[in-house]
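Letter by letter, the chains look like this.
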Amino acid sequence: PAAPLGSGRRARDAAAQKPSTRRRRRAHLRGTTTRRYKRHRASATQMAAVAPDTDEWQPPPHEPEIGDIESYQAFARALNAPPKKLIPIGERDRRWYNKKSHILLEADPEALVTPEKLAQWRPNIDNVPVGERRCPQCGHAHKNPALVKTYCLCHHCSFIHEPASTIASMVKKKWLREQGKIRILAASYGHPSDASQAVDCTAALEALCEKSARESLFLDRTEDLRRTLSNGKDPAPGARKVVIVRYILNGRRGTVSTWEGNFAGRLKEDFEIKGGAARPLINIVRAQYGQPGGIKNGRGAFDVTDSLQARVHAARGRFCIVKRDEHLPSWFGEPSLGRAKTLTVEYEINGSAGEMHEYELNGRLMYPMSVAASPSVAPQILIESASYGWTEELLDAWKARYHKDIFDMQAIRAKRTAGLALTREDNNRLRKLPAIEEKLKKLYQLKAGSVDATGLVQRRVEACGGSLLFFAGDSPEEELASWASVELQKLQVDPTVADDLNAELGDPTPYQSKLLHIEYLIVGHDAERRTEAPEATASGYEANFIMQRKGIVERVLTNTDEGKAFCSEHVLIGIPTIMPTVEVRYASYGHPTKPKFNWNVTEAVKWLANAQGGSRLHLDTDLDLDETFGDPCPGMRKKLVIRYYVRGFHGCTRVDEDPMDYLSTDIQIGYLPTADDPFGAKPPRNATQIAVDEIQKLRMVDATGRSTEVKEGKYTHLGRAW
């Protein structure tokens, strides 16, 4: 059955009608709608008088298309509106059409953006003469296009002419596989910024590399560079000149520069790029300097990977350090003038594996065994805010905290008064009520006064290597963790000597208690949260991880009679890794040649390594091996063998500028000169150790009955040890 045509009385009347009556009523309504539509269409056609004579349906004239001038004119005539001056608009200005009121807004002709106006300010970098290079930002021509590989920054706006990706096309595939060989890609000698006063010295430096079998490039500071690099001519008389070199070493490109000293043509200090077969410990995967969002439309940030990789090469592949007092635009260029920038570095610290062994005498090692790995990944701790003293906000927060505790305890006391049973925790909390009331009373007696200690606390983090913050307390109840004790021992910090914070941070409110409030951020090994970071480094070994987290540390200090202030508990913020950096994979202790008299002591050695913080394993000569591991073969000389594994890192760090053009803190990546290096050369074994090794080999060979080397006197050179 058909649905009713309306509601209420009309719906009931329609339902009572016969089907034929309902059909006639529907037809009548359809006819009425059709007649109304035709009258409306005819009226609209007469008003517009612009619709073409076609059978196709046309849009109503009172709804003109966007930018349709004829429809707008017809609409104006129908309304008898006075004529107005019409301004033609382009594709870029269609947004000025108001769809709601169907009015085409009139704009100032001077404000319209036209192709002619765009051409007036856009740099002309397309139609330039042959052999000329123009800056893509300001349009100024490069003063010497032949040296665009080394003078890649615009002399006018410091924008980059030649990105690092273009010089990669100059690298041959076989150079990427060479180890320890130096290949010069581009080099120049002359004025620091004016390329027209510089000469190309690539061939001269290539010849110097050939003399050293491409294992080093050395320029003596006493040597006259004008004769060596520019055929006896001075490219920039009266100016302090610079040598810029772009090269490739161990498959990684580098860019380095060295300046003249006080004498023309003589360097300030010796310049050297070392090659050789030394294995690099770290690599700079990618580095950008500029806006936090990175490169957009070719602007906003520069690729500075080559400049940082050159610092790694200068440190023999061990570390890379960028100090916070270095002026970054003078080193990298100016990617975004007048805006705050960041330096983002994606790095890779290689892992390793090795084995060490030593013999025992009377249950103790003849010589100590040690392996340590403490790579630095800094900054890891960023101090977001730090205050020393009482601010108005902190006073109100602590008062509210104590008021809440007192309210909860009064509720517990009311329960006890009502005869309800209390738990042990409630009774313990209730006993603290008088002490909390006393603390609240003292809070109301304090005066607000504080100092901003953010910078000072950040400098303290830098002094501890960028991955540790420590203020020693005078009466700590808890012992330090093993990893913290090892780190403090390496920093030569005595945790038993309390730190006077009044001397460190200043005394804002003498003769009253103060609050040390620190809000920190541990950025982790991957500050940019690159989820695609692999679980293994390029060397094929496992990668370690450092988790991100935020936190707040608060300590209340009271002045002593001498005007000093000490924390009662230690202030310790550190970054223990997820997994130990040095992991023992296998260890055995027993007979040197017979496996059946060897015991597997892997778990015991692992426990010793973890007790030392997970970043080192040191076994001294005073360690009783028989008591620690047991005695697998009493009365016989035994041997301790340890196979270890050193994990690397693959991560990213980002540091903002504060102040402008300077980093807020230092960047330290790799094995610093004071850090433990598992890749370093092991101390040579002395004559006694060599003799013991050879004797054990002879015992192994004699046991087979096939050795004649002893009869021939081949080992008589061992002397008294033999």
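Residues numbered from 1 in each chain as written. Predicted model: local features only at pLDDT ≥ 70, side-chain atom pairs only at ≥ 80, totals over all residues. Heavy atoms only, no water.

Trainee: Please clarify how the overall build of the protein should be interpreted in this entry.
Mentor: Along the protein, the regular secondary structure elements total 19 helices and 30 strands. In the protein, 72% of the contacts between residues at least 6 apart in sequence involve partners at least 24 apart. When the accessible surface of the protein is summed, it comes to about 41,100 Å², and 51% of that surface belongs to carbon and sulfur atoms. (Helix = DSSP H or I, 4+ residues; strand = E, 2+ residues; numbered from the N terminus. Contact = heavy atoms within 4.5 Å. Areas by Shrake-Rupley, 256 points an atom, 1.4 Å probe, with all protein chains shown as cover.)

Trainee: Explain the nonpolar core to me, please; I cannot follow it from the model alone.
Mentor: Generally speaking, a soluble globular protein has its nonpolar side chains buried in company with each other. Leu-343, Ile-383, Leu-617, Leu-640 and Ile-642 are the most contacted members of the largest nonpolar core, which has 74 residues in total. Filtering out sequence-adjacent residues up to four positions away, Leu-343 remains in contact with Gln-288, Tyr-289, Val-304, Val-322, Phe-332, Thr-653, Arg-654, Val-655, Leu-663 and Ile-667. Core analysis: the next-biggest nonpolar cluster, separate from the first, contains 19 residues, Cys-209, Val-245, Leu-267 and Ile-273 among them. (Core = buried A, V, L, I, M, F, W, Y, C linked by side-chain atoms within 4.5 Å. Buried < 20%, exposed > 50% of the residue type's maximum accessible area, 1.4 Å probe, protein only.)

Trainee: Would you explain the packing of aromatic side chains in this entry?
Mentor: The relative placement of two aromatic rings is captured by the distance of their centres and the angle of their planes. Evaluation of the coordinates by the stated rule reveals five aromatic pairs. On the numbers, 5.4 Å between centres and 50 degrees between planes, the contact of Tyr-289 with Phe-332 is tilted. Taken together, the positions of Tyr-289 in strand E9 (residues 282–290) and Phe-332 in helix H10 (residues 328–332) put the pair 43 residues apart, joining distant regions of the chain. The residues Tyr-289 and Phe-332 share a single accessibility class, namely buried. Where Trp-331 meets Phe-332, the ring centres are 4.3 Å apart and the plane angle is 25 degrees; that geometry is what we call stacked. Ring pairs connect the aromatic residues Tyr-289, Trp-331 and Phe-332, which therefore count as one cluster. A cation sits over an aromatic face here: Arg-401 above Trp-398, 4.6 Å from the ring centre. Note that Arg-585 overlies the ring of Tyr-645, its terminal NZ or CZ placed 4.1 Å from the centroid. (Phe/Tyr/Trp six-rings, centres within 6.5 Å; stacked < 30°, edge-to-face > 60°. Lys NZ or Arg CZ within 6 Å of the ring centre and 35° of its normal.)

Trainee: Quick question: what am I supposed to make of helix H7 (residues 202–211) here?
Mentor: Residue pairs spaced three or four apart in an α-helix point in one direction, given the helix's 3.6 residues per turn. Along H7, the residues that are buried comprise Thr-202, Leu-205 and Cys-209. Burial along H7 is one-sided: seen end-on, the buried residues are contained in an arc of 70 degrees. More than 90 degrees from the buried face of H7, the exposed residues found are Ala-203 and Lys-211. As for H7, its buried residues are in contact with strand E3 (182–190), strand E4 (198–200), strand E5 (216–219), helix H8 (225–229) and strand E6 (242–249). (Arc of directions from axis to C-beta.)

Trainee: Explain the sheet that holds strand E11 (residues 319–322) to me, please; I cannot follow it from the model alone.
Mentor: Overall, antiparallel pairing links the three strands, which are arranged E11-E30-E16 in an open sheet. The open sheet is flanked by E11 and strand E16 (376–378), the only strands paired with a single partner. For this sheet, the mean angle separating the axes of adjacent strands, direction not counted, is 15 degrees. Of the strand pairs in this sheet, E16 and strand E30 (residues 667–670) are connected by three bridges, and their pairing is antiparallel. Bridge assignment links Ser-376 to a residue of E30, and that residue is Gly-670. (Pairing = 2+ DSSP bridges. Axes fitted to C-alpha atoms, helices over the stretch in contact; angles between N-to-C directions.)

Trainee: Whenever I open this one, the pairing of E30 confuses me. Can you help?
Mentor: A regular strand carries its side chains on alternate faces of the sheet. Strand direction decides the pairing type here: E11 and E30, joined by four bridges, are antiparallel. Within E30, the position partnered with Val-322 by the bridge is Ile-667.

Trainee: Help me understand the sheet that holds strand E18 (residues 449–452), please; the structure alone is not making it clear to me.
Mentor: Hydrogen bonds along the backbone pair up the strands of a sheet, which may run parallel or antiparallel. Read across the open sheet, the five strands follow the order E18-E17-E20-E22-E23; overall the sheet is antiparallel. At either end of the open sheet lies a strand with only one pairing partner, and these are E18 and strand E23 (565–566). As defined by bridge partners, strand E17 (residues 381–390) adjoins E18 across four bridges and the pair is classed as antiparallel. Pairing of Ser-387 across the sheet is with Asp-452, part of E18. Together, E17, E18 and strand E20 (514–522) form the strand contacts of helix H14 (residues 454–463), whose direction differs from that of E17 by roughly 130 degrees.

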